[in-house]
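Summary of structural features
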Amino acid sequence: MRIATWNVNSLNVRLPHVELWCASAQPDVLALQETKLEDAKFPRAAIEALGYHVAFSGQKTYNGVALMARQPILDVVTDIPGLDDPQRRVLVATVGELRVANLYVVNGQAVGSEKYAYKLDWLAKVSAFLAGELRNDPRLVVMGDFNIAPDDRDVHDPVAWHEQILCSTPEREALRRLLDLGLLDSFRLFDADPGHYSWWDYRQAGFRRNLGLRIDLVLAGERLKARARAATIDRIPRAWERPSDHAPALLELADD
DNA sequence: ATGGTGGTTTTACCA
């Protein structure tokens, strides 16, 4: 089965991109971030017409997450105990035998800012919640826009980004603590090389010049490791007209 | 050169 995550930066604008990409990539599970749609305006019928079940947690203008799946989506959680947060960034659900967490991690704006403190606090609380999920069922996949490049291989210019937002040591340590619960960065099961990115800034012709970061991750519970067959980033939709600034990241799992 | 692009209940804010 194919599991994917994609920050679409407005599903209103990117619905045709999602339709086109699903037709070719045929993901069985697709986590979307930055839908930027309140639930009453979510294009449920258009997604269902593609042959998917869908669950969503959105708000006007900012944030918003959704989960599409070929199989029914059950036991949905969008609010985490101890994190009373109007920002819609989390959707955890059961899809077949998998427990799936879709995260739109806080960007953080700048190291040392109020939003940075919120990011680190958010990561600690979400990680504590996911620790419980992993204890319940280690067939957990945690995917989304992490807004953290795990290490310098994931950064086009590690000198320029040194200790900057998305790359700072406290952010990387927060991600490490999440991984240490028993999750694997699936992309790194297959490719240890630098130069693979999932996000390119719209500014400065970032994509054309390949000035990217790998911040969109599919983390797999260690119990899923033996079933992992491939982990990739599909850059093709980043080159389409009026693209999202993110590319989809995928994990292919063999059947149990 | 402290900018730049793109999205959104837009002339500010977020990424």
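Under the annotation held in an unreviewed UniProt entry, chain A carries the name Exodeoxyribonuclease III and is attributed to Dokdonella koreensis DS-123.

This paragraph deals with the overall build of chain A. Tallying secondary structure elements over chain A gives four helices and 14 strands in all. Compactness check: chain A gives a C-alpha radius of gyration of 17 Å against a globular reference of 18 Å for 256 residues, within 12% of the reference. Here the C-alpha coordinates of chain A stretch approximately 45 × 45 × 35 Å along the principal axes. Of all 256 residues assigned to chain A, the portion counted as buried reaches 57%. When the accessible surface of chain A is summed, it comes to about 11,100 Å², and 50% of that surface belongs to carbon and sulfur atoms. Separation of charge centres in chain A, based on 31 positive and 36 negative side chains, amounts to 2 Å.

Relative to the elements of secondary structure, Asp85 occurs in the loop between β5 (73–77) and β6 (90–95). Comment: no salt bridge for buried Asp85; closest opposite-charge side chain is Arg89, at 4.9 Å. Side chain to side chain, Asp85 and Tyr118 meet in a polar contact 2.5 Å long. Not counting the four nearest positions on each side in its chain, Asp85 is found in contact with Asp79, Tyr118 and Trp122.

Bringing the protein's contact with DNA strand B into the picture now. Surveying the vicinity of DNA strand B reveals 17 residues, the closest of which are Ser10, Arg14, Lys60, Lys115 and Gln204. Atoms of DNA strand B within 4 Å of the protein belong to the sugar or the phosphate in 62% of instances, the rest to bases. At 3.0 Å from a phosphate oxygen of DNA strand B is found a side-chain nitrogen or oxygen belonging to Arg14. Within the side chain of Thr61, one N or O atom sits 3.1 Å away from a phosphate oxygen of DNA strand B.

A separate point is the nonpolar core. Core analysis: the largest hydrophobic core is formed by 31 residues, its most contacted members being Ile3, Val29, Leu67, Leu98, Met143 and Leu253. Looking at this core, the elements that each hand over two or more residues are β2 (29–33), β4 (65–69), β6, β7 (98–104), β8 (140–145), β12 (216–221), β13 (228–233) and β14 (249–253). Non-local contacts of Val29, meaning those with residues more than four positions away in its chain, are made with Met1, Arg2, Ile3, Ala4, Leu67, Met68, Ala69, Val95 and Met143. Core analysis: the second largest hydrophobic core is formed by 25 residues, Val126, Leu130, Val142 and Leu219 among them.

Our next topic: the UniProt feature "site: Interaction with DNA substrate" (unreviewed entry) in chain A. UniProt's entry tags His246 with the feature "site: Interaction with DNA substrate" (unreviewed entry), counted in the numbering of this structure. The topology assignment puts His246 in the loop between β13 and β14. Only 3.5 Å separates the side chain of His246 from the side chain of Asn7, close enough to count as a polar contact.

To continue, consider the layout of surface pockets. Considered as a void within the structure, the largest pocket measures approximately 720 Å³ in volume. In this structure, the largest pocket is lined by 27 residues; those nearest its centre are Glu34, Tyr104, Asn107, Gln109 and Asn147. Along the lines of polarity and charge, the residues of the lining of the largest pocket split into 10 nonpolar, nine polar and eight charged. If you go around the second largest pocket, you meet 15 residues; those closest to its centre are Pro150, Asp151, Arg176, Leu179 and Asp185. Counting only elements with at least two residues in the lining of the second largest pocket, the list comes to α4 (169–179), β9 (183–185) and β12. With four residues, α4 is the single largest residue contributor to the lining of the second largest pocket. Taken together, the residues that form the lining of the second largest pocket break down as eight nonpolar, no polar and seven charged.

This part covers unusual backbone geometry. Despite not being glycine, Asn9 has its phi angle at roughly 50 degrees, a positive value. Mapped onto the fold, Asn9 is located in the loop between β1 (2–7) and α1 (11–25). On the basis of relative accessibility, which here comes to 12%, the residue Asn9 falls in the buried class.

Let us now look at the side chain of Arg172. Relative to the assigned elements, Arg172 resides in helix α4. Judged by its relative accessible area of 19%, Arg172 falls in the buried class. Once residues within four sequence positions are removed from consideration, Arg172 is found in contact with Ile148, Ala149, Pro150, Asp151, Asp152, Val155 and Cys167.

Now for the pattern of salt bridges. Tallying each qualifying case throughout the model produces 16 salt bridges. Linking Arg176 and Asp180 is a salt bridge whose minimum nitrogen-to-oxygen distance equals 3.4 Å. Owing to a relative accessible area of 54%, Asp180 belongs among the exposed residues under this scheme. Within this structure, Asp154, Asp185, Arg188 and Arg214 form a network of salt bridges that share partners.

Definitions and limits used
Residues numbered from 1 in each chain as written. Chains lettered and ligands numbered in written order. Predicted model: local features only at pLDDT ≥ 70, side-chain atom pairs only at ≥ 80, totals over all residues. Heavy atoms only, no water. Helix = DSSP H or I, 4+ residues; strand = E, 2+ residues; numbered from the N terminus. Rg over C-alpha atoms; globule rule 2.2 N^0.38 Å. Buried < 20%, exposed > 50% of the residue type's maximum accessible area, 1.4 Å probe, protein only. Areas by Shrake-Rupley, 256 points an atom, 1.4 Å probe, with all protein chains shown as cover. Lys, Arg positive; Asp, Glu negative; His and termini not counted. Charge placed at Lys NZ, Arg CZ, Asp CG, Glu CD. Salt bridge = Lys/Arg side-chain N within 4 Å of Asp/Glu carboxyl O. Polar contact = N/O pair within 3.5 Å; in protein donor to acceptor, adjacent residues only side chain to side chain. Contact = heavy atoms within 4.5 Å. Near = heavy atom within 4 Å. Core = buried A, V, L, I, M, F, W, Y, C linked by side-chain atoms within 4.5 Å. UniProt positions renumbered as here; feature names shortened; annotations may be inferred. 1 Å grid on protein atoms, 1.4 Å probe; cavity = no way out; pocket = protein on both sides within 12 Å on 5 of 7 lines; lining within 4 Å. Points joined across faces, edges and corners; volume = space filled by probe spheres on them. Nonpolar A, V, L, I, M, F, W, Y, C, P; charged D, E, K, R; others polar.

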